[in-house]
Amino acid sequence: MNFHQLKIFYAVVQRQSFTAAASDLRLTQPAVSLQIRALEKSLGLPLLERGGPKLRLTQAGEALYRCAVSILHAKDEAERAIGELSAATKGKLILGASTTGGMYLLPRIVRAFKERYPETEIIFQIESTEWIYERILQNVLDMGLVGGPTGDRRFGIEPICLDHVVLIVSPSHPFARLPKVSLKELGTQPCILPLQGSRTRQLVERKLKEAGVTLHVTMQLPGTEAVKKAVEANLGIAFVSQYAVERECSSGDLKIVSIERFELTRHMELIYRKQKYFSPIAQRFREFANKYAQQHLSPPRLNQKRALKSTS
């Protein structure tokens, strides 16, 4: 028995006629009869009672017909599901992101993507960058959004947007009244940093050390949100991603202060395992994330926008 014979048998039973079935299938009537006889021979039992005014199913024919209905329906469902995946309108994505990417960037991208492709199921987890690396290599995650640079050659890397790591202070802090501060002045202030292992902290400490600055660290807190709250309470200065403080700077709860002849930047990177197979929906998301970032991310510095408003 093969699928072609099963399809012909189903059509004959549905139409109750060899001739009508042949017309539907665009075959000759002798060809249909030949395939039914070949099917009966392969099964070793008759499937149809011939000779009366109508075709009748034998017991074996009834059993095969019930199976044929299920098999042909499953085939149609499979073709529909594959067609939807090929059109990249459905599917499942499992994404990972570091704190900055997961809290302030990836939700924007995912929301916009879901608006266009609402049937896509997207799961993402916010974890440390090292955890993201490990899970991508294990093929647990499809992609990850992390702060660069990622130097491991086992990953495919696509820079998504430029991230400015900025100095933030409370509006009541003395720095808030200055147009700029010097690198030397940074070491005189209590500084609030995220816990060891934070990629943002690693970037800040490395770049300031290269510039000859030693920070006076008075608090180490778990995560960017805790750091921001401590700065709002005027407990010290801090360095965070500009994306993390857009709302607070707009509302006046925090202020970004420029540093003379010094800037901290990094690329937020979409990473994945090299030579990974991308499903159609994963490839569509990858392309969408890049396009969305070009259009909506890497905005002008917030303090620059405020300056422009104040001079207009």
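Residues numbered from 1 in each chain as written. Predicted model: local features only at pLDDT ≥ 70, side-chain atom pairs only at ≥ 80, totals over all residues. Heavy atoms only, no water.

**Some points on the overall build of the chain**
Okay, so step 1: A count of helices and strands for the chain gives 12 helices and 12 strands.
Okay, so step 2: Relative to the compact-globule value of 20 Å for 312 residues, the chain shows a C-alpha radius of gyration of 32 Å, a clear excess of over 25%.
Okay, so step 3: Once the C-alpha set of the chain is aligned to its principal axes, its extents read approximately 105 × 40 × 30 Å.
Okay, so step 4: Within the structure as shown, the chain displays about 16800 Å² of accessible surface, and the carbon and sulfur contribution to it stands at 52%.
Okay, so step 5: Of the side chains in the chain, 44 bear a positive and 30 a negative charge, and the two mean positions are spaced by 2 Å. (Helix = DSSP H or I, 4+ residues; strand = E, 2+ residues; numbered from the N terminus. Rg over C-alpha atoms; globule rule 2.2 N^0.38 Å. Areas by Shrake-Rupley, 256 points an atom, 1.4 Å probe, with all protein chains shown as cover. Lys, Arg positive; Asp, Glu negative; His and termini not counted. Charge placed at Lys NZ, Arg CZ, Asp CG, Glu CD.)

**As for the packing of aromatic side chains**
Okay, so step 1: Overall, the coordinates contain 7 aromatic pairs when judged by the stated rule.
Okay, so step 2: Ring geometry for F113 versus F285: centroids 5.2 Å apart, planes at 80°, classification edge-to-face. With F113 in helix α5 (residues 99–116) and F285 in helix α11 (residues 280–296), this residue pair connects regions lying 172 residues apart in the sequence. Across this residue pair, the class does not change: F113 and F285 are buried.
Okay, so step 3: Taking the centre distance of 6.2 Å and the plane angle of 20° together, the rings of F288 and Y292 count as stacked. Taken as a pair, F288 and Y292 lie in helix α11 at a separation of 4 residues, close to a single helical turn.
Okay, so step 4: Assessed through its relative accessible area of 11%, Y292 is described here as buried.
Okay, so step 5: Pairwise contacts between aromatic rings join F113, Y117, F285, F288 and Y292 into one cluster. (Phe/Tyr/Trp six-rings, centres within 6.5 Å; stacked < 30°, edge-to-face > 60°. Buried < 20%, exposed > 50% of the residue type's maximum accessible area, 1.4 Å probe, protein only.)

**Re the pattern of salt bridges**
Okay, so step 1: In the structure shown here, the tally under the stated rule is 12 salt bridges.
Okay, so step 2: Notably, a salt bridge pairs D24 with R15, separated by 2.8 Å at the nearest N-O pair.
Okay, so step 3: The exposure class of D24 is partly exposed, given its relative accessible area of 45%.
Okay, so step 4: Several salt bridges share partner residues, and in doing so they unite E225, K228, R247 and E248 into one network. (Salt bridge = Lys/Arg side-chain N within 4 Å of Asp/Glu carboxyl O.)

**Some details on the pairing of strand β8 (residues 190–194)**
Two faces, one strand: in a regular strand the side chains alternate between the faces of the sheet.
Okay, so step 1: A large share of β8 lies buried, amounting to 4 of its 5 residues.
Okay, so step 2: Here β8 runs beside strand β9 (residues 216–221); their pairing, made up of 5 bridges, is parallel. Residue pairing across strands places I192 opposite M219, the latter belonging to β9.
Okay, so step 3: Viewed along the sheet, the connection from β8 through helix α8 (residues 199–210) into β9 turns out right-handed. (Pairing = 2+ DSSP bridges. Right-handed = clockwise from strand over helix to strand, strands pointing away.)

**Some remarks on the packing of α5 against α11**
Okay, so step 1: Viewed as axis vectors pointing N to C, α5 and α11 meet at an angle of 120°, and their least axial separation amounts to 10 Å. It follows that α5 is oblique to α11 by the angle criterion. Once α5 is placed against α11, the crossing between them reads as right-handed. Listed contacts from α11 to L106, R108, I109, V110, A112, F113 and R116 of α5 are I281, R284, F285, F288, A289 and Y292.
Okay, so step 2: Tallied by class, residues from the contact of α5 with α11 come to 10 nonpolar, no polar and 3 charged. (Axes fitted to C-alpha atoms, helices over the stretch in contact; angles between N-to-C directions. Parallel < 35°, antiparallel > 145°, perpendicular 65-115°, else oblique. Left-handed = near helix turned anticlockwise from the far one by under 90°. Contact = heavy atoms within 4.5 Å. Nonpolar A, V, L, I, M, F, W, Y, C, P; charged D, E, K, R; others polar.)

**Considering helix α9 (residues 224–232)**
Okay, so step 1: Looking at α9, one finds that the buried residues are T224, V227, K228, A230 and V231. One face of α9 carries all of its buried residues, which in axial projection span an arc of 160°.
Okay, so step 2: Among the residues trailing α9, N234 stands out with phi positive, at a value near 65°. (Arc of directions from axis to C-beta.)

**A short note on helix α2 (residues 18–25)**
Okay, so step 1: Residues F18, A20, A21 and A22 constitute the buried set of α2.
Okay, so step 2: Residues of α2 that are buried make contact with α1 (3–15), α3 (29–43) and β1 (48–49).
Okay, so step 3: The backbone nitrogen of T19 has a side-chain oxygen 3.2 Å away, supplied by the residue at the start of α2, namely S17.
Okay, so step 4: Following α2 by one or two positions, R26 has its phi on the positive side, about 60°. (Polar contact = N/O pair within 3.5 Å; in protein donor to acceptor, adjacent residues only side chain to side chain.)

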